[in-house]
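The primary structure of each chain is shown beneath.
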Amino acid sequence: KNQRAFTQTVWKGTKDQRESVIMTMKKEKTCPVAPCQGCCIPAISYFAADGSPMGSASVPCHFCLPSISVKDPSGNQEYAIQMPSCCGGLCVDVCAEGLCNLKIPFYIYPPGKGAKGEEIGKIIKLWRGLGTEIFTDASSFQVEFPKGIDETAKARVLGSTFFINMLFFEKGNSNEGLAEIAI
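The structure contained in this document is the topic of the report that follows. (Residues numbered from 1 in each chain as written. Predicted model: local features only at pLDDT ≥ 70, side-chain atom pairs only at ≥ 80, totals over all residues. Heavy atoms only, no water.)

Comments concerning the overall build of the chain
Selection criterion: Strands here mean DSSP runs of E at least two residues long; helices mean DSSP runs of H or I at least four residues long; both are numbered from the N terminus. Contacts are residue-level and defined by heavy atoms, with any inter-residue pair within 4.5 Å sufficient. Reported accessibility uses the Shrake-Rupley method at a 1.4 Å probe radius. Residues are deemed covered only where the shown protein chains occlude them.
Counting its secondary structure elements, the chain contains two helices and twelve strands. Along the chain direction, N to C, the helices and strands of the chain fall in the order β-β-β-β-β-β-β-β-β-β-α-β-α-β. Put simply, of all contacts in the chain between residues at least 6 apart along the chain, 47% involve residues at least 24 apart. Accessible area of the chain: about 9900 Å², with a carbon and sulfur share of 56%.

Put into structure tokens, the structure is as follows:
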């Protein structure tokens, strides 16, 4: 949906009373998510407050369902994030979080895993009501972090949540390319 470049800063505190920077995310202009993509793949980089690399996430080549590869600062894959699948990975399992609850799940898997029951965390887009979903670009997510991960890994999962929102749920190129979020 949205292939724009952006820089996004996550702050500790509120919009009016910012404290310290937690992380900065940077994404270059890329092609949209598409099967069998060879170049200009969607990717985002995560940086600590001092500017040092914290890792990255990208959407590798896929055939049916896209997966997001989350990598640590050394470039080693830490997690694979994808929607739950059925039919051998050919389609989304719409009943994974229950039927008719309007949740859109993305499961967090260890590298090389992806089958039902192997998930170690979740990122779920929540339904905000008809008016909000139709007339705004606002989104709400629920994140269940993998157990026992450190703050830097949590920051990469949080950044991947923003990346998922931008790739799959933003309505278009209406944003200016800069955003700030207080948590």
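Continuing now.
Re the packing of aromatic side chains
Heads up, the condition is: For this analysis, a ring pair means two rings from Phe, Tyr or Trp (six-membered ring only for Trp) whose centres lie within 6.5 Å, classed as stacked if their planes differ by under 30 degrees, edge-to-face if by over 60, and tilted for the remaining angles. Only protein chains enter the calculation, and the probe is 1.4 Å; a residue is then buried if its accessible area is under 20% of its type maximum, exposed if over 50%, and partly exposed in between. When the NZ atom of lysine or the CZ atom of arginine is within 6 Å of a ring's centre and also within 35 degrees of its normal, the charge is said to sit over that ring.
Across all of its chains, the model carries four aromatic pairs by this definition. Ring geometry for Phe 106 and Phe 169: centres 6.2 Å apart, planes at 90°, overall edge-to-face. Placement of Phe 106 in strand β9 (residues 104–109) and of Phe 169 in helix α2 (residues 151–169) is noted, with a sequence separation of 63 residues between them. Of the two residues examined, Phe 106 and Phe 169, each falls in the buried class. Through a chain of ring-to-ring contacts, three or more aromatic side chains come together here, namely Phe 106, Phe 141, Phe 168 and Phe 169. Over the ring of Trp 11 we find Arg 18, and its NZ or CZ is 5.0 Å from the ring centre. It is Lys 125 that lies over the ring of Phe 169; its NZ or CZ is 5.3 Å from the centre.

Observations concerning the pairing of strand β2 (residues 18–27)
Worth spelling out the cut-off: Following DSSP output, two strands are said to pair if at least two bridges run between them.
When strand β1 (residues 6–13) meets β2, the two strands line up antiparallel, connected through seven bridges. Paired with Trp 11 across the bridge in β2 is Val 21.

Things to note about the nonpolar core
Soluble, globular proteins show a tendency: their nonpolar side chains are buried together. Applicable threshold: Side-chain atoms within 4.5 Å link the members of a nonpolar core, which is a set of buried Ala, Val, Leu, Ile, Met, Phe, Trp, Tyr and Cys residues.
Ranked by internal contacts, the top residues of the largest apolar core, which has 28 residues, are Tyr 46, Ile 68, Ile 81 and Phe 163. For this core, the elements supplying multiple residues, two or more each, are β1, β2, β3 (43–47), β4 (53–58), β5 (67–71), β6 (77–82), β9 and α2. Broken down by element, this core gets its largest block of residues, ten residues, from α2. Contact partners of Phe 163, with chain neighbours within four places excluded, come to Lys 27, Pro 42, Ala 43, Ile 44, Tyr 46, Ala 57, Ser 58, Val 59 and Ile 68.

Description of the side chain of Glu 97
The condition that has to hold: Counted as a polar contact is a pair of N or O atoms within 3.5 Å, where, for protein atoms, one must be capable of donating a hydrogen and the other of accepting one, and residues adjacent in sequence contribute only when both atoms are in side chains.
Within the fold, Glu 97 resides in the loop between β8 (91–92) and β9. Note on Glu 97: relative accessible area 17%, which makes it buried. In this structure the side chain of Glu 97 is engaged in a polar contact, spanning 2.5 Å, whose partner is the side chain of Tyr 107. A distance of 3.2 Å separates the side chain of Glu 97 from the side chain of Lys 122, its partner in a polar contact. The residues contacting Glu 97, other than those within four sequence positions of it, are Lys 103, Pro 105, Tyr 107, Lys 122 and Ile 124.

A closer look at a nonpolar patch on the surface
This is how it is decided: A patch consists of residues whose relative accessible area exceeds 30% and which take part in no salt bridge; residues with like charges are grouped when within 9 Å of each other, and nonpolar side chains (Val, Leu, Ile, Met, Phe, Trp, Tyr) when within 5 Å. Any Lys or Arg side-chain nitrogen located within 4 Å of an Asp or Glu carboxyl oxygen qualifies as a salt bridge.
There is a patch of nonpolar side chains on the surface, built from Leu 102, Trp 127, Leu 130, Ile 134 and Phe 135 and spanning about 600 Å² of accessible area. Taking relative accessible area as the criterion, Trp 127 reaches 42% and is therefore assigned partly exposed.

Topic: the pairing of β1
Buried residues dominate β1, accounting for six of its eight residues. The loop that links β1 with its antiparallel partner β2 comprises four residues.

Structural notes on the pattern of salt bridges
Side chains that carry opposite charge are capable of pairing whenever their charged atoms lie near each other. Under the counting rule described, the total for this entry stands at two salt bridges. In this structure, Arg 156 engages Glu 78 in a salt bridge whose closest nitrogen and oxygen atoms are separated by 2.7 Å. Placement of Arg 156 in helix α2 and of Glu 78 in strand β6 is noted, with a sequence separation of 78 residues between them.

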